[in-house]
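As a plain string of letters, each chain reads:
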Amino acid sequence: MTPTAGLGHIVRSQHHQGSPGDAAITTATQTEHDSRSRRIDPSELLAIALGGAIGALARVGLAQAAPVSTGSWPWATFAANIVGALLIGYFVTRLQERLPVSTLRRPLLATGFCGALTTFSTVQIELLKMADRHDWALAASYLSASVIGGYLAVFASSAMVRRVRALA
Amino acid sequence: MSAYAWIAVAVLGSVGSIARFLLDRAISLRSAGSFPLGTLAVNASGALVLGLLTGLAFSGEALTLAGSATIGSYTTFSTWMFETHRLGEDGRVQAGALNVLVSIVVGIGAALLGRTIGAAL
């Protein structure tokens, strides 16, 4: 994901007070395009590196602390992914729609930390191992719980940030 | 794990995250639509490489460093879910559903392909 830090938050906040409008979407897309055409900022890379290091330490630490035995639910990966989805919804919604424009918070917190805390590849390997053992029930429940849980986590944290804003 | 291994986890986590950012950016700049192709490419290529490492029988600390720390940080679940949620929110429900389905099918296929290649080497 490209760390957008343009003026999108202003448009998005109008967008969510009313019904979803095409104008808001168009403007958000244009903002994204503008930020994409920027040159890469070294401090942005540094922020991603720092966030990524902390995210990787947290995920690997969790995996070391709670090793998964064959045939059981991969709790460490699952927990990291759901928590990461909760946090990315919270961070990005807050940064886009509530806080003043900041160029480094999104690469640090979303692209770096949440991106590295969560993982896609490990899930695929865990699913392959479940399939090797013909444990289809575990594979199906793990995959669906991850996707549904991850989606609901983003939904819930985004809604929470907007609710707080609406009350303020 | 030793202190050195933890330092390596942090460094490799940075490397994986920067690689993800750069590939996603390069693909997003070249794709016309707003479908999150960049994240799909990152996750599919990461699943392929992690499958390869598994097929090559990497284990223990080597798998932790090359697999969990590097490829684990390179691929992302949170961005995938975030982009899916925002597609749905913008009324592009079909694109969101497609983003979930294609990622899963391509991801598992890539992991399986990588593992098969790794085991054959």
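A quick note: this is a predicted structure, and the numbers were derived from the prediction, not measured. (Residues numbered from 1 in each chain as written. Chains lettered and ligands numbered in written order. Predicted model: local features only at pLDDT ≥ 70, side-chain atom pairs only at ≥ 80, totals over all residues.)

A.B. asks: Before we go on, may I ask you to explain the overall build of chain A in this structure?
C.D. replies: What chain A contains, in helices and strands, is 7 helices and 0 strands. In chain A, which comprises 168 residues, the proportion classed as buried is 46%. Sequence-distant contacts in chain A: of pairs separated by 6 or more residues, those separated by 24 or more amount to 75%. (Helix = DSSP H or I, 4+ residues; strand = E, 2+ residues; numbered from the N terminus. Buried ≥ 20, exposed ≤ 12 C-beta atoms within 10 Å, placed from the backbone. Contact = placed C-beta atoms within 7 Å.)

A.B. asks: Looking at this model, I keep getting lost on the overall build of chain B. Mind explaining?
C.D. replies: Helix and strand content of chain B: 5 helices and 0 strands. Secondary structure elements of chain B, listed N to C terminal, follow the sequence α-α-α-α-α. For the C-alpha atoms alone, the extent of chain B along its principal axes is close to 50 × 30 × 20 Å. Look at the contacts in chain B between residues 6 or more apart in sequence, and 72% of them connect residues 24 or more apart.

A.B. asks: What is the right way to look at helix 5 (residues 93–120) of chain B in this model?
C.D. replies: Owing to its 3.6 residues per turn, the α-helix aligns residues three or four sequence positions apart on the same side. In this model helix 5 of chain B runs 40 Å from its N-terminal to its C-terminal C-alpha over 28 residues, within 8% of the 40 Å that 1.5 Å per residue would give. Taken together, the buried positions of helix 5 of chain B are Gly 96, Asn 99, Ser 103, Gly 107, Ile 108, Ala 110, Ala 111, Gly 114 and Arg 115 of chain B. Where the residues of helix 5 of chain B are buried, they touch helix 6 (121–132) of chain A together with helix 2 (37–55) and helix 4 (78–89) of chain B. (Expected span 1.5 Å × (residues − 1).)

A.B. asks: Where do I start with the interface of chain B and chain A in this structure?
C.D. replies: A common way to state how big an interface is: give the accessible area lost once the parts meet. Contacts between chain B and chain A engage 50 residues on the former and 46 residues on the latter. If you list the elements that add at least two residues to the side of chain B that touches chain A, you get helix 1 (3–30), helix 2, helix 3 (60–74), helix 4 and helix 5 of chain B. No other element matches helix 1 of chain B, which puts 15 residues into the side of chain B that touches chain A. In the side of chain B that touches chain A, the residues fall into 21 nonpolar, 23 polar and 6 charged. (Nonpolar A, V, L, I, M, F, W, Y, C, P; charged D, E, K, R; others polar.)

A.B. asks: Explain the environment of Leu 40 of chain B to me, please; I cannot follow it from the model alone.
C.D. replies: All names here are of chain B. By secondary structure assignment, the location of Leu 40 is in helix 2. For Leu 40, a count of 20 C-beta atoms within 10 Å puts it in the buried group. Sequence spacing of Leu 40 and Leu 112 is 72 residues, and the spatial spacing of their C-alpha atoms is 16 Å. Discounting chain neighbours no more than four positions away, the residues touching Leu 40 are Val 102, Ser 103 and Val 106.

A.B. asks: Can you help me understand the confidence of the model for chain B in this one?
C.D. replies: When pLDDT drops low, the exact placement of atoms in the prediction is not to be read closely. Scored by pLDDT, chain B has a mean of 97; 100% of the residues are at 70 or more. Both confidence scores are given for the complex: pTM 0.86, ipTM 0.96. (pLDDT = per-residue confidence, 0-100.)

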